[in-house]
There are 4 protein chains.
Amino acid sequence: MSGSLFGSIFRISTWGESHGPGIGVVIDGCPAGISVSEADIQNYLDRRKPGQSKYTTKRNESDSVEILSGVFEGKTTGTPISLIVRNQDQRPRDYGNIASLYRPGHADYPFTEKYGFRDYRGGGRSSGRETIGRVASGAVASLLLKELGIHVTAYTKSIGPFTIPEEEYRMSEVSENALYMPGNSVAEQAGAYISSLMAERDSCGGIIECVAEGLPVGLGEPVFDKLDGLLAHAVMSIGAVKGVEIGDGFAAAASRGSINNDAFYSENGAIRKQTNHAGGSLGGMSDGSRLVLRAAIKPTSSIARTQQTVNTSGENTEITVLGRHDPVIVPRAVVVVESMTALTLADLLLRNMCSKLEHVKKIYQPDPKAR
Amino acid sequence: MSGSLFGSIFRISTWGESHGPGIGVVIDGCPAGISVSEADIQNYLDRRKPGQSKYTTKRNESDSVEILSGVFEGKTTGTPISLIVRNQDQRPRDYGNIASLYRPGHADYPFTEKYGFRDYRGGGRSSGRETIGRVASGAVASLLLKELGIHVTAYTKSIGPFTIPEEEYRMSEVSENALYMPGNSVAEQAGAYISSLMAERDSCGGIIECVAEGLPVGLGEPVFDKLDGLLAHAVMSIGAVKGVEIGDGFAAAASRGSINNDAFYSENGAIRKQTNHAGGSLGGMSDGSRLVLRAAIKPTSSIARTQQTVNTSGENTEITVLGRHDPVIVPRAVVVVESMTALTLADLLLRNMCSKLEHVKKIYQPDPKAR
Amino acid sequence: MSGSLFGSIFRISTWGESHGPGIGVVIDGCPAGISVSEADIQNYLDRRKPGQSKYTTKRNESDSVEILSGVFEGKTTGTPISLIVRNQDQRPRDYGNIASLYRPGHADYPFTEKYGFRDYRGGGRSSGRETIGRVASGAVASLLLKELGIHVTAYTKSIGPFTIPEEEYRMSEVSENALYMPGNSVAEQAGAYISSLMAERDSCGGIIECVAEGLPVGLGEPVFDKLDGLLAHAVMSIGAVKGVEIGDGFAAAASRGSINNDAFYSENGAIRKQTNHAGGSLGGMSDGSRLVLRAAIKPTSSIARTQQTVNTSGENTEITVLGRHDPVIVPRAVVVVESMTALTLADLLLRNMCSKLEHVKKIYQPDPKAR
Amino acid sequence: MSGSLFGSIFRISTWGESHGPGIGVVIDGCPAGISVSEADIQNYLDRRKPGQSKYTTKRNESDSVEILSGVFEGKTTGTPISLIVRNQDQRPRDYGNIASLYRPGHADYPFTEKYGFRDYRGGGRSSGRETIGRVASGAVASLLLKELGIHVTAYTKSIGPFTIPEEEYRMSEVSENALYMPGNSVAEQAGAYISSLMAERDSCGGIIECVAEGLPVGLGEPVFDKLDGLLAHAVMSIGAVKGVEIGDGFAAAASRGSINNDAFYSENGAIRKQTNHAGGSLGGMSDGSRLVLRAAIKPTSSIARTQQTVNTSGENTEITVLGRHDPVIVPRAVVVVESMTALTLADLLLRNMCSKLEHVKKIYQPDPKAR
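What you see as residue numbers is a count from 1 along each chain, following the sequence as written. Here the convention is simple: chains get letters from A, ligands get numbers from 1, in the order in which they are written. Residues qualify for local features only when their pLDDT is at least 70, as the model is predicted, and side-chain atom pairs are given and counted only at 80 or more; totals for whole chains, interfaces and linings, by contrast, use all residues. The basis for every side-chain value is the complete set of heavy atoms in the structure, and neither hydrogens nor water enter the calculation.

A. Helix α4 (residues 184-199) of chain A, seen in detail. Under the 1.5 Å per step criterion, the end-to-end length of α4(A) is 23 Å for 16 residues, consistent within 8% with the ideal 22 Å. Elements in contact with the buried residues of α4(A): β8 (151-159) and β9 (162-163) of chain A. Comment: elements are numbered from the N terminus, with helices defined as DSSP H or I runs of at least four residues and strands as E runs of at least two. Helix span, expected: 1.5 Å multiplied by one less than the number of residues in the helix. Contacts were defined at the residue level, with two residues in contact if any of their heavy atoms lie within 4.5 Å.

B. How the structure looks around the relation of the copies chain D and chain B. To superpose the copies, least squares is applied to the C-alpha atoms of every residue with a pLDDT of at least 70 in both. In the superposition of chain D on chain B (RMSD 0.0 Å, axial shift 0.0 Å), the rotation amounts to 180 degrees. These values place the two chain copies in the arrangement generated by a two-fold rotation axis. Residue by residue, 100% of the interface of chain D is reproduced at the interface of chain B, so both copies engage with the same surface.

C. Looking closely at the sheet that holds strand β8 (residues 151-159) of chain B. By definition, two strands form a pair when at least two bridges between them are found by DSSP. Strand order in this open sheet of 10 strands is β9(A)-β8(A)-β10(A)-β16(A)-β11(A)-β11(B)-β16(B)-β10(B)-β8(B)-β9(B), and the pairing throughout is antiparallel. Two strands lie at the open edges of the sheet, namely β9 of chain A together with β9 (162-163) of chain B, each paired on one side alone. Across 5 bridges, strand β11 (residues 241-246) of chain A lies against strand β16 (residues 291-297) of chain A in antiparallel orientation. Bridging from a neighbouring strand, A:Val241 pairs with A:Ile297 of β16(A). On the sheet, helix α5 (residues 227-236) of chain A packs against β11 and β16 of chain A together with β11 (241-246) of chain B and is oriented at approximately 155 degrees with respect to β11(A). For helices, the fitted line uses only the C-alpha atoms of the stretch in contact; every axis is such a line through C-alpha atoms, and the angle between N-to-C directions lies from 0 to 180 degrees.

D. Geometry of the relation of the copies chain A and chain B. Structural alignment of chain A on chain B gives an RMSD of 0.0 Å, achieved by rotating through 180 degrees and translating 0.0 Å along the axis. A share of 100% of the interface residues of chain A reappears at the interface of chain B, consistent with the copies meeting face to face through the same patch.

E. A look at the pairing of strand β17 (residues 306-310) of chain B. Residues and elements named next belong to chain B. As defined by bridge partners, β17 adjoins strand β18 (residues 316-320) across 5 bridges and the pair is classed as antiparallel. Each residue of the ladder has a partner; that of Gln308, found in β18, is Glu318. Connecting β17 to the next strand, β18, in antiparallel fashion are 5 residues, including Gly314 with a positive phi near 85 degrees.

F. Region of interest: the packing of aromatic side chains. What counts as a ring pair is set by centres within 6.5 Å for rings of Phe, Tyr and Trp (its six-membered ring), and what kind of pair is set by the plane angle: stacked under 30 degrees, edge-to-face over 60, tilted for all other angles. Scanning the model with the defined rule gives 34 aromatic pairs over all chains in all. Here A:Phe6 and B:Phe224 contribute two aromatic rings whose centre-to-centre distance is 5.5 Å and whose plane-to-plane angle is 40 degrees, an arrangement assigned as tilted. With A:Phe6 in strand β1 (residues 5-6) and B:Phe224 in the loop between β10 (206-213) and α5 (227-236), this pair bridges two chains. Here A:Phe6 matches B:Phe224 in class, with each residue buried. With a centroid separation of 5.6 Å and an interplanar angle of 75 degrees, the aromatic rings of C:Tyr109 and D:Phe264 are classed as edge-to-face. With C:Tyr109 in helix α2 (residues 108-115) and D:Phe264 in strand β12 (residues 264-267), this pair bridges two chains. These aromatic residues form a ring-pair network of at least three members: A:Tyr102, A:Tyr109 and B:Phe264. A 1.4 Å probe rolled over the protein chains alone gives each residue an accessible area, and that area as a share of the maximum for its type sets the label: buried under 20%, exposed over 50%, partly exposed in between.

G. Spatial organisation of the sheet that holds strand β4 (residues 65-67) of chain C. A sheet is described by the order of its strands in space; here 5 strands give the open sequence β1-β2-β3-β7-β4 (chain C), paired in antiparallel fashion. If you trace the sheet from one side to the other, it starts and ends with β1 (5-6) and β4 of chain C, each paired once.

H. Summary view of the pairing of strand β16 (residues 291-297) of chain C. Residues and elements named next belong to chain C. Of all 7 residues that make up β16, 7 are buried, and the element is covered over most of its length. Both faces of β16 are covered, namely the face carrying Leu291, Leu293, Ala295 and Ile297 and the face carrying Val292, Arg294 and Ala296. As paired strands, strand β10 (residues 206-213) and β16 are joined by 7 bridges and run antiparallel to one another. By the bridge assignment, Cys210 is partnered in β16 with Leu293.

I. View of the interface of chain A and chain B. In this complex, chain A contributes 104 residues to the contact, which on the side of chain B involves 104 residues. Buried area between chain A and chain B, both sides added, is near 8400 Å², and the carbon and sulfur share of it is 60%. A 1.4 Å probe defines the accessible area here, and the buried area is the portion of it lost by two parts on being joined, summed over both. The largest contributions to the chain A side of the interface with chain B come from A:Lys114, A:Phe224 and A:Lys242, which together make up 11% of the buried area. Salt bridges, as used here, are contacts in which a Lys or Arg side-chain nitrogen is within 4 Å of a carboxyl oxygen on Asp or Glu. Counting every contact that joins chain A to chain B gives 8 salt bridges. For B:Glu200, the salt bridge goes to A:Arg256, with nearest N and O atoms at 3.1 Å. Throughout this description, a polar contact denotes any pair of N or O atoms lying within 3.5 Å of each other; where both atoms belong to protein, one of them has to be capable of donating a hydrogen while the other can accept it, and for residues adjacent in sequence the pair is counted only when both atoms sit in side chains. On the surface where chain A and chain B come into contact, there are 51 residue pairs in polar contact (both at pLDDT 80 or more). Taken together, the 3 bridges between β11(A) and β11(B) define a ladder with antiparallel strand orientation. In the strand pairing of β11(B), A:Glu245 is matched with B:Gly243.

J. Molecular detail of the interface of chain D and chain B. Chain D puts 40 residues into the contact, and the matching count from chain B is 40 residues. With both sides pooled, the region where chain D packs onto chain B buries about 3700 Å², and carbon together with sulfur makes up 62% of that total. Remark: the boundary between chain D and chain B carries 2 salt bridges. Looking at the side of chain D that touches chain B, the elements with two or more residues in it are α3 (131-147), β13 (270-273), α7 (330-352) and α8 (357-363) of chain D. With 6 residues, the top contributor of residues to the side of chain D that touches chain B is α8(D). For the side of chain D that touches chain B, the residue count by class is 24 nonpolar, 6 polar and 10 charged. Side-chain classes follow a simple rule in which Ala, Val, Leu, Ile, Met, Phe, Trp, Tyr, Cys and Pro form the nonpolar group, Asp, Glu, Lys and Arg form the charged group, and the remainder, Gly included, forms the polar group.

K. Representation of the pattern of salt bridges in the model. In total, this model carries 104 salt bridges over all chains according to the counting rule given. The closest approach of N and O atoms between B:Arg256 and A:Asp202, which form a salt bridge, is 3.9 Å. With one member in each of two chains, B:Arg256 in the loop between β11 and α6 (257-260) and A:Asp202 in the loop between α4 and β10 (206-213) form a pair that bridges those chains. Under the relative-accessibility criterion, A:Asp202 is labelled buried at 4%. A:Glu221 is paired through a salt bridge with B:Lys114; the nearest N and O atoms lie 3.0 Å apart. Pair noted here: A:Glu221 is in the loop between β10 and α5 and B:Lys114 is in helix α2 (residues 108-115), and the two residues belong to different chains. With respect to burial, A:Glu221 and B:Lys114 carry one shared label: buried. The structure contains a network of salt bridges with shared partners spanning A:Glu200, A:Asp202, A:Arg305 and B:Arg256.

L. Local environment of the packing of helix α1 (residues 38-48) of chain A against helix α3 (residues 131-147) of chain A. All names here are of chain A. Running from N to C, α1 and α3 point in directions that differ by 130 degrees, and their axes come no closer than 9 Å. For the element pair α1 / α3, the angle class is oblique. Between α1 and α3 lies a crossing of right-handed hand. Contacts between α1 and α3 involve Asp40, Ile41, Tyr44, Leu45 and Arg48 from the first element and Thr131, Ile132, Val135, Ala136, Ala139, Val140, Ser142, Leu143 and Lys146 from the second. Partitioned by chemical class, the residues of the contact of α1 with α3 number 9 nonpolar, 2 polar and 3 charged. Oblique is the label for any angle not under 35 degrees, not over 145, and not in the 65 to 115 range, which are roughly parallel, roughly antiparallel and roughly perpendicular in turn. Crossing handedness follows the turn of the near helix against the far one: under a right angle anticlockwise gives a left-handed crossing, and clockwise gives a right-handed one.

M. How the structure looks around the side chain of B:Thr112. All names here are of chain B. You can see Thr112 is positioned in helix α2. Take Thr112: its relative accessible area is 14%, and that puts it in the buried class. In this structure, Thr112 is in contact with Tyr102, Phe117 and Arg118, ignoring residues within four places of it in sequence.

Right, dumping it as structure tokens:
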């Protein structure tokens with residue numbers, strides 16, 4: 001129970017260190033009959049690949065995925081789907097100098113205390129490369145969701161202090177700028193800001209927003225496994241995320257019931273809400289409105305400035321983190337947030353199938369083959 | 001898998017509706033040998049009981065807990081601990097009028113869609129009374145933590161727009177005002193604000209902060225079961241919580257790496273951090289600093305104003321929610337946030353015992369009784 | 001994770017000691033809409049109740065069940081179903097003499113080593129009364145199965161050396177004799193044998209057989225969660241069971257492939273097997289034939305003879321187990337085996353709903369309520 | 001939740017089809033600090049490799065394992081251990097003729113019903129090659145057990161009707177004959193029997209016995225996760241196993257309490273049992289005696305004789321299973337039974353660490369690093 005499993009029916013088990021032979025994921029519980037190809041998955045992985053813009057590390061990682069099991073003649077078979085990305089362009093020499101130092105903002109210190117030692121090469125298991133397993137499996141979850149008309153999309157709402165209010169979103173521009181922001185002009189200002197930070201050997205964070213459309217009503221389980229709770233778990237488990245909110249989130253705490261409550265109305269037989277302060281979740285279940293969540297990403301911890309720290313012998317010293325690092329990980333994390341959201345929704349979709357006898361009877365028509 | 005279980009080793013299973021015979025919880029996996037009495041648990045339950053101040057509902061619920069199993073001669077036996085609180089002062093007549101209406105901000109609509117019908121009496125399973133199971137088991141988790149010198153404390157940071165910055169905290173005053181705020185004067189202003197909302201038949205929310213001290217280094221599991229991820233799940237699963245953050249949280253998204261990174265230093269052989277922007281969690285594991293998290297609570301959904309809604313036949317109509325409701329649930333939710341944090345920490349503490357062979361060997365000394 | 005949970009979707013959590021306030025179970029994950037009453041559950045509990053015949057203990061336990069949650073207006077609501085049976089007729093004085101002794105054949109010794117001490121009253125958590133939680137939840141599982149035309153039935157195949165071969169079964173006689181054997185004349189001989197053992201202050205065991213009819217094809221998951229594997233877990237977890245087999249079981253080990261293979265044939269479009277050596281399970285999945293399993297029950301450990309043992313101080317001594325004990329627990333265990341089988345099948349039935357996209361699409365028709 | 005996970009703390013997730021790119025396993029929850037090499041694991045895999053004797057298939061599978069993650073500088077790191085064996089010598093043409101037929105005794109029919117179609121090449125996921133993941137992870141579990149002085153050993157007790165009673169065991173001969181029997185002369189007779197079956201295009205089964213020594217007292221959890229229950233699950237989940245028993249097993253059902261109860265006695269301060277009818281498990285927990293279990297293996301289903309069956313269109317037809325098959329799988333399954341036992345014990349060993357506060361306090365000494 002090392003913590004590398006996620007989900008209850010659509011369940012993933014990820015593995016791999018940044019400088020070992022590879023990174024991978026096993027998907028257990030994916031229904032049979034979904035069309036999946038390596039190209040489908042590669043599309044998602046390419047969105048998190050480094051070297052895509054001047055704001056991301058220059059490391060050259062092709063990150064090609066191979067399907068090892070669970071797909072036959074182009075379709076999932078219902079058995080575990082094993083996906084692997086072999087590591088390349090490993091330069092362990094870059095990391096030798098940090099073997100005996102604890103990098104501020106990184107897992108090095110608690111990891112060593114917890115396990116007695118650590119794979120110090122590039123963060124080992126705590127490297128951002130760990131997210132490859134999330135994205136590869138998130139791609140498969142997204143394919144399942146699309147079969148049911150559900151679409152999940154994430155984008156960058158803020159970079160450091162540069163943010164775009166919802167009313168100014170230009171969604172078509174998300175794919176036009178390297179920061180995946182719904183607004184090219186703010187993206188340009190944010191880009192200049194990042195460049196200035198790079199010159200100062202500094203880094204920044206930002207906020208990623210993710211929406212899901214087409215959800216049936218009732219996904220999410222009352223009490224602990226609320227839609228909100230599982231999404232919070234999913235998104236907050238991503239390395240640099242320090243906050244998560246649904247709908248109005250923290251702003252709701254300062255609002256009033258008369259404003260924050262979304263009034264219902266009926267339109268052509270369908271139940272709608274006049275507003276969506278709730279972000280698509282009521283009582284922990286999807287309510288038919290658009291699901292909206294946000295994740296706060298902290299500034300990249302690996303900065304080229306000299307920082308005070310201690311070594312593994314507990315002595316005060318300084319560290320200068322070399323290597324090739326992103327000044328901001330937000331753009332590359334967009335697809336990771338989207339993937340974790342898709343994985344959570346796919347799992348809840350399958351769990352909800354057992355919610356009522358009416359569903360069970362739909363599947364088990366009197367079976368003439370049994371006696 | 002209806003979603004009423006939480007935790008992996010220290011695991012709870014809650015049950016009960018607001019107007020059924022009672023509410024309860026079964027704790028599975030609590031170590032043997034912890035001193036527990038009904039009075040210990042009652043102390044925690046009394047903190048969430050209604051009727052404690054003019055800002056909470058006047059419902060008269062004594063909420064007395066009974067231990068049904070798992071405790072013998074004052075100590076836990078290692079077997080499941082079953083706790084029950086019988087419901088009292090049920091007035092089903094208050095709720096008859098909402099049987100066929102969907103209350104805005106409540107679970108009514110998605111619950112009915114999900115299960116085909118619902119127990120409409122007082123919210124049924126989606127009632128705030130569900131948190132009794134969380135608090136009763138959280139009390140036991142807190143007793144386990146105290147045995148190891150770990151203390152968890154929650155309090156109210158904000159009520160609507162009234163907030164107390166950290167540098168002005170007066171922790172001794174938390175128990176002196178009905179809102180559990182670390183500052184009596186802000187609490188007084190917030191109280192007046194609540195009174196004005198009550199006059200307007202409106203409600204408000206707020207922010208609860210929770211800290212834990214004395215944690216060993218290394219609690220939390222890399223990747224999905226990070227300390228941050230599990231706390232987010234725990235806290236976001238509470239009914240009215242719409243956002244959660246650790247350490248600087250959303251503020252970190254606007255900061256810089258050179259500021260947000262907490263530098264390490266060594267003091268008398270112990271490793272410390274000069275700041276605590278991370279809120280006590282690095283790489284998803286406790287780092288020896290104080291754990292700090294915050295939860296955003298939305299305004300109470302049950303307000304006495306007339307609101308637009310639809311009925312269970314899908315027709316537009318109006319609703320006036322009668323009954324006795326809290327104008328703000330923040331004060332009563334403080335102990336719920338504290339309980340969910342304690343449950344998460346207790347579970348991670350047990351999980352971490354298996355992290356390394358050195359630990360395993362500490363337990364299994366060569367056993368002369370085996371052959 | 002004290003081991004008191006069973007199942008993955010239809011999941012039960014049992015609790016309670018033989019001499020505490022009561023015994024109970026929480027069912028998590030039962031679909032909404034199933035008709036359940038206390039009388040339905042009581043019918044099952046009455047079959048394991050002591051005092052039903054001269055071969056069972058004279059303890060007077062009414063074992064009345066109360067539904068505490070999860071049922072509204074006669075139907076399951078989809079939320080946890082909490083069931084409780086209050087203990088009565090507790091005579092702790094009967095057990096005082098065994099507080100410091102380890103009873104042969106009982107859990108006393110390893111329990112004390114594991115937890116540091118034990119609730120010595122009547123076996124505590126390791127008492128046969130623990131099965132009340134299994135049977136009460138098994139009753140609900142059976143109701144779900146019946147909704148789908150699946151029927152589970154258990155009976156006594158052997159008592160000590162008295163056994164009935166399949167070809168001599170008279171199923172209608174099962175309910176006519178106190179031993180639940182499909183043959184009154186063998187039951188009579190077995191009864192005389194039990195009486196002779198009682199006179200000798202001795203006890204015996206037997207074999208329980210359980211069959212399920214009406215199963216759809218494909219229940220059970222390949223690899224670890226095979227139908228066989230989960231049934232073996234379910235049945236072998238019952239206190240006195242020391243062996244379990246499916247179909248021909250141990251006899252298959254001495255057979256040949258040409259005999260043991262069940263040939264398929266087609267009849268009016270349905271696929272059948274000419275024989276059923278497999279006991280209804282192929283590759284770990286139900287094959288449409290009748291499911292057949294057997295459980296070996298050891299002789300009752302509590303016998304009135306004086307036995308050699310050690311005390312809790314590790315000294316050699318003797319023990320005479322007083323109190324009221326069954327000379328054979330097989331008849332009372334019949335409904336327990338049936339319940340564990342029903343619980344396993346109900347869970348696999350729900351798990352199998354997610355096996356293929358075709359099933360998923362049956363549930364999630366394009367939903368006009370979503371947008 | 002496709003059923004390819006096993007264990008709760010030491011948890012494995014296997015994947016792979018017989019004719020896909022490979023077979024593998026991810027071990028989640030293995031403690032850090034255990035010495036593991038590919039050679040260690042290969043030793044176990046070589047014991048199940050085909051082509052080792054004239055009684056096993058002539059398929060040439062080198063089955064070389066590669067460690068992909070979780071081991072650094074020769075020791076486990078505490079993070080997931082991913083192991084892969086690439087498939088070789090795949091001859092899909094051998095299997096083309098069975099694509100549209102259901103082989104008697106195989107998973108083909110229910111698999112197709114369950115998932116809508118199947119990977120028909122060599123059994124796909126339901127192939128015996130699936131056990132590679134069990135054995136590779138079982139090797140790691142065995143290394144953990146050995147660190148604590150626990151040794152697990154399996155061997156062949158019976159082949160078809162040829163069996164060796166316990167009092168005639170010659171354990172040193174197990175490694176001297178191709179059938180892994182504790183007695184060369186019976187092995188020779190059994191070998192001749194197998195040869196005669198091969199000539200008749202037939203197959204046989206047998207019984208595997210597994211013992212574990214050095215277990216601490218108290219492994220296994222009361223109620224559902226008894227040592228017996230989890231071992232039964234583990235062993236019965238192996239493809240061809242149709243029965244499992246602990247200690248005297250089915251023979252106990254015909255015994256008497258006065259015989260079957262193992263009397264305790266004290267020897268030099270250690271508690272012992274005079275007999276071991278219980279097979280080392282009392283009340284579902286290890287009792288310090290030798291653990292003894294047996295598994296009944298059915299005859300190999302793939303026989304070269306022509307058999308009656310139906311095709312995927314539901315029509316009556318005949319099938320002749322070509323390809324290279326073992327006339328008996330017992331010898332190759334010995335290491336699989338041993339592996340599943342080791343996995344179960346390793347998991348229970350870790351679970352038991354949290355059984356009492358005394359254990360917890362042993363790990364969490366007051367930590368001067370926390371504040």
